[in-house]
Amino acid sequence: MKDQEMDTEAKVKLFLLLQNMDEQLLRKCLEQISELVRLDPTPVKREVEWLKQLSGAAEKSLLKSVRHTSDYEFSNGCRAPPWRQVHGEICYLVIEPCDTEALYITCSTAGVFLNGCIKEEGEDSAYERTSDMYKDLMTLLKTQSPHFAENIINQDFGATQKIEHVELVAGGEQGQLQRSNDQQEKNVHERARQQHTLKKAGGEKKYEPCPRWKNLDLRSSCGKAEEKKPSKRSGEEKSGEIQSKKLGPGAKSKMKAEFSVSSLPGCLSSHKVNTPAGAMPSDTFSESSSMSEEEEEQPERRPESNTELPSEYWQIQKLVKYLKGGDQTATVLTLCAMMDFNLMQETCQLAIRDVGGLEVLINLLDTDEVKCKIGSLKILRKISHNVQIRRAIVDMGGLPSIVKILDSPVKDLKALAAETIANVAKFRRARRTIRQYGGIKKLVKLLDCVPNLANLTANQERDVEVARCGALALWSCSKSTKNKESIRRAGGIPLLGRLLKSPHDSMLIPVVGTLQECASEESYRSAIQTEGMVRDLVKNLSSNNDELQMHCASAIFKCAEDQQTRELVQKYKGLQPLVSLLSKADNKQLLAAATGAIWKCSISMENVAKFQEYKALEVLVGMLTDQPEEVLINVVGALGEFAQIPANKAIIRKCGGIKCLVNLLTGTNQALLVNVTRAVGACATDKDNMAIIDQLDGVRLVWSLLKNPSADVQSSAAWALCPCIENAKDAGEMVRSLVGGLELIVNLLKSTNNEVLASICAAIAKIAKDKENLAVLTDHGVVPLLANLTDTTDDMLRCHLAEAIGHCCMWGNNRSTFGETGAVAPLVRYLKSKDKAVHQSTAMALYQLSKDPNNSIIMHGKGVVKPLIHIMGSDDEMLQEAAAGCVRNIRLLALANRNAQLFY
């Protein structure tokens, strides 16, 4: 008994010791975690207070309200519960914008983000992040509230706070300058070498806050972790101050303005932090489908650590040092010396950026010295061909300064600024910034000149050069849908049309490039017609410049969707130049544009006849092999249009085009498959062509495309099957030989796409002509699936659905099954359609259904007799016969019923 008590006592002591040890470990762990998190709620509190000043019920308020979810503030300044503070969370806010629903926001050491609607602490699921991470509250609100984003630019960010910060900055300059220059001379080469080895391919340059931010105590909580590290850009910032003082008040005023705007708590960067949760929200941007050079997330390429840097790298860095510390004359001479280097070389471009020269060049744009501005822009124009330099210019806020120069009275400045914008606006964030700062309107104004005079004065020649640079910039900006609309509203279309008459290729290329980029919009296509630009586009197809020909053909490709444009191209004799461009087989971009224009122009049969005079069909068939997909798509699309004329089907066969088309059915490009199936279907209407298609197993390949996930491919394949089945030698046996083919086609009746449903119904109508195949279709449940579709209002689907129902009535009890599943009454409503094709197929279906007495009773009750009698007066004999047959069956049933009543 005593042994048992001692054993129990030992267990209790051991349990207490373990519990005490667990508590100590947990306490130690929490202390370590707290040290790692380093909560710093001060900048957050300042920014919240600033946002509260902008909120209220007044009309000019940017926000309705800003409030915390908790009124209790811990000793460390945080309002988040302790168990959330260990995750780095500071507080939770509810902000009500003027134009959207309330935003539930979490402020943490890593940034701010939307949460799962925290209304009060304690709901665990509500703490989860539901958006991307943002650097500060203002950036988040800009992306979530258009009203806030539009009005924040004109908002006065607190006069008292602004003056206080500017005075502190100005007061701290003198003491920092001497330390900065000495330190920079010693470390410039070492810093450049370190910057090339810190982050290799895939990395991204991180801009650290300069000492001014640290003196003002405006760091973010993340910045505290780096307090003990020397700032890479301290020397650069201070040298920039020297430059601004020596060059004049313009640059200095800009730097002060930037500090006052950025003095909001925690606003070290105005762009969003990239996080694994996702990229920037797509609704912030509006880009056209033609945009193919998105550079927003491209990795930065850096040389390996053991790469020997060329001498130019160090020489440029020395010049940048002189650029920072020199007076006006020294600055101009230094800029001239920098331009002697090959600034198109990546090493030279990165050398300027790595030592802080990019900041100085941007600051020079705000001085009053024209020569300094010109020198700076000439360098920026060249180095902005580099992807990373473009992004850096935007990140540093350089675009507004460049856009502002577009209003300068100095024409050389305007031309250089426009060219620089043309290089920078290669990614959508830059294009959006240009639009927001009014750059589109200013660029359109540059187009106003008279470019086609025979003898131009020197002043007019400068105007033409400015207009050319403006067109280059608009070309880059026009890849955004919103920018296209801005160009149109600013009156850019008539100005572009006037420049289109220029005799100089250097002017025409950016003008036509802008037009073909904008031609994806209906408003531009209409304007190109009405402004008489089609004549000029056709004229320039005969130019000796391949790039100009390519852009003209591409513009016609997009505009020829409209019949009027196709007629104008023929009227101005543009078809033959398009065919002649097919001889330039080595230029694939030009080939793609020319074949695209031929494809769209051949939609009009009159143009097809003209193309045949120039032997275009034979050339196109010869291009079905060894071509890139962008060319093949257009070539096959054109062949599909050419094959609408019976004589051309034989030419395609004789030139070996059928085999090439069938071979393309094994591809994966959906746009190509849509065009190939259409071309095969058009060729299959010729029995000789169909024999070759069947021999090459083309029907099986087309049928297999019904499994393709694309609805466009499915519908195109089903349409192609219709002539294949109709013209095959033994269509019934051919269809039955395709294992699982009938089940596949029946299952597609469950699709939600009307185009797919219409094409499948058309194919079923062809298949059901064979009794054995109809029996298999019936076993797979085709009747109830067809009946389920009868409530549609789409006339194309109605036409082919009624045809399918009519042919499916030929087997077993299908007629009565259609009546039982409610298919008869909706068919009667089809007779109210204005489409004669719907009347014909519906009348045939009703005739077949009326052979079942119950169906005749339903039809009569729905008032089918009157519209059928009206249809019997049609000129179409088949329609007359079907309508008369249906009325006859209804009348015979009524007569039989009357006789039964009389005699029984």
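This text gives an overview of the structure that appears in the document. (Residues numbered from 1 in each chain as written. Predicted model: local features only at pLDDT ≥ 70, side-chain atom pairs only at ≥ 80, totals over all residues. Heavy atoms only, no water.)

Another point: the overall build of the protein. Within the protein, the secondary structure is distributed over 51 helices and 4 strands. When the accessible surface of the protein is summed, it comes to about 42400 Å², and 50% of that surface belongs to carbon and sulfur atoms. (Helix = DSSP H or I, 4+ residues; strand = E, 2+ residues; numbered from the N terminus. Areas by Shrake-Rupley, 256 points an atom, 1.4 Å probe, with all protein chains shown as cover.)

As a further point, take the pairing of strand E3 (residues 103-108). Every other side chain in a regular strand lies on the same face of the sheet, so the side chains alternate between the two faces. The element E3 is largely enclosed, with a buried count of 6 among its 6 residues. Residues of E3 alternate between two faces, with Leu103, Ile105 and Cys107 on one and Tyr104, Thr106 and Ser108 on the opposite face, all of them buried. Note that strand E2 (residues 89-97) and E3 share 6 bridges and pair antiparallel. What sits directly across from Ile95, in E3, is Leu103. Between E2 and E3, which pair antiparallel and follow one another directly, the connecting turn spans 5 residues. For E3 and strand E4 (residues 111-114), the ladder comprises 4 bridges, and the chain directions are antiparallel. From the neighbouring strand, Ile105 faces E4, where its bridge partner is Leu114. In this structure, the hairpin formed by E3 and E4 is closed by a connection of 2 residues. (Buried < 20%, exposed > 50% of the residue type's maximum accessible area, 1.4 Å probe, protein only. Pairing = 2+ DSSP bridges.)

By the secondary structure assignment, Thr677 is in helix H36 (residues 670-683). By relative accessible area, which is 0% here, Thr677 ends up buried. For Thr677, the residues in contact, after removing those within four places along its chain, are Leu665, Leu705, Ser716, Ala717 and Ala720. (Contact = heavy atoms within 4.5 Å.)

Bringing the pattern of salt bridges into the picture now. Per the stated rule, a full pass over the model turns up 29 salt bridges. A salt bridge links Arg525 to Asp562, with the nearest nitrogen and oxygen atoms 3.6 Å apart. Of the two residues, Arg525 sits in helix H25 (residues 522-530) while Asp562 sits in the loop between helix H27 (546-559) and helix H28 (563-571), which places them 37 residues apart along the sequence. Asp562 carries the same exposure label as Arg525, and that label is buried. Here the residues in one salt-bridge network are Arg381, Glu419, Glu465 and Arg468, joined through shared partners. (Salt bridge = Lys/Arg side-chain N within 4 Å of Asp/Glu carboxyl O.)

Take the packing of aromatic side chains next. Going through the model one piece at a time under the given rule, you end up with 5 aromatic pairs. Taking the centre distance of 5.4 Å and the plane angle of 55 degrees together, the rings of Tyr92 and Tyr127 count as tilted. Note that Tyr92 is positioned in strand E2 and Tyr127 in the loop between E4 and helix H4 (137-144), a separation of 35 residues in sequence. Summarising the burial analysis for this pair, Tyr92 and Tyr127 share the class buried. Here the aromatic rings of Phe611 and Phe642 are separated by 6.0 Å at their centres, their planes lie at 35 degrees, and the arrangement is tilted. Taken together, the residues Phe611 in helix H31 (residues 605-613) and Phe642 in helix H33 (residues 629-642) connect sequence positions 31 residues apart. The burial state of Phe611 is the same as that of Phe642; both residues are buried. Over the ring of Phe113 we find Arg129, and its NZ or CZ is 5.9 Å from the ring centre. The ring of Trp599 carries the charged tip of Lys600 above its face, separated from the ring centre by 3.9 Å. (Phe/Tyr/Trp six-rings, centres within 6.5 Å; stacked < 30°, edge-to-face > 60°. Lys NZ or Arg CZ within 6 Å of the ring centre and 35° of its normal.)

Here H36 crosses helix H39 (residues 711-727) at 10 degrees, and the two axes come no closer than 8 Å. In this view, H36 runs roughly parallel relative to H39, as classed from their interaxial angle. Seen along the crossing, H36 lies across H39 with a hand that is left-handed. Residues Gln670, Leu673, Val674, Thr677, Arg678 and Gly681 of H36 touch H39, and the partners they reach there are Asp712, Val713, Ser716, Ala717, Ala720 and Pro723. (Axes fitted to C-alpha atoms, helices over the stretch in contact; angles between N-to-C directions. Parallel < 35°, antiparallel > 145°, perpendicular 65-115°, else oblique. Left-handed = near helix turned anticlockwise from the far one by under 90°.)

This part covers the sheet that holds E2. Read from one edge to the other, the open sheet built from 4 strands follows the order E1-E2-E3-E4, with strand pairing classed as antiparallel. Edge positions in the open sheet fall to strand E1 (63-68) and E4, since each of these has one partner strand only. Across the sheet, the mean angle from the axis of one strand to that of its neighbour is 25 degrees, orientation sign disregarded. Taken strand by strand, helix H2 (residues 42-53) contacts E1, E2 and E3, and its axis lies near 145 degrees from that of E1.

We now examine unusual backbone geometry. Phi is positive for Asp626, close to 55 degrees, though the residue is something other than glycine. Looking at where Asp626 falls in the secondary structure, it is placed in the loop between helix H32 (616-622) and H33.

A separate point is helix H37 (residues 687-695). Within the span of H37, buried status applies to Asn689, Met690 and Ile693. Seen from one end, H37 has its buried residues packed into an arc of 100 degrees, which puts them on one side. Turned more than 90 degrees away from the buried face of H37 sit Lys687 and Gln695, all of them exposed. Structurally, H37 contributes buried residues whose contacts are with helix H34 (646-654), helix H35 (657-663), H36, helix H38 (698-704), H39 and helix H40 (731-736). (Arc of directions from axis to C-beta.)

Moving on, we get to the nonpolar core. Membership of the largest hydrophobic core comes to 217 residues, with the highest contact counts inside it found for Trp703, Leu706 and Leu786. Among residues more than four places away in sequence, those in contact with Trp703 are Leu721, Ile725, Val735, Leu738, Gly741, Leu742, Leu744, Ile745 and Ile767. With 25 residues, the next largest nonpolar core counts Val48, Ile90, Leu93 and Met138 among its residues. (Core = buried A, V, L, I, M, F, W, Y, C linked by side-chain atoms within 4.5 Å.)

Contact geometry of H25 with helix H26 (residues 533-540) gives a least axis separation of 5 Å together with a crossing angle of 85 degrees. Relative to H26, the element H25 is oriented roughly perpendicular. Facing Ala527, Ile528 and Gln529 of H25, the residues of H26 in contact are Met533, Val534 and Leu537. Each residue belonging to the contact of H25 with H26 can be placed in one class, and the counts come to 5 nonpolar, 1 polar and no charged. (Nonpolar A, V, L, I, M, F, W, Y, C, P; charged D, E, K, R; others polar.)

So, on to the environment of Ile493. Mapped onto the secondary structure, Ile493 falls in helix H23 (residues 492-499). Sequence separation of Ile493 and Val444 is 49 residues, and the distance between their C-alpha atoms is 9.2 Å. Here Ile493 is in contact with Arg488, Tyr524, Ala527, Glu531 and Met533, once residues within four sequence places are set aside.

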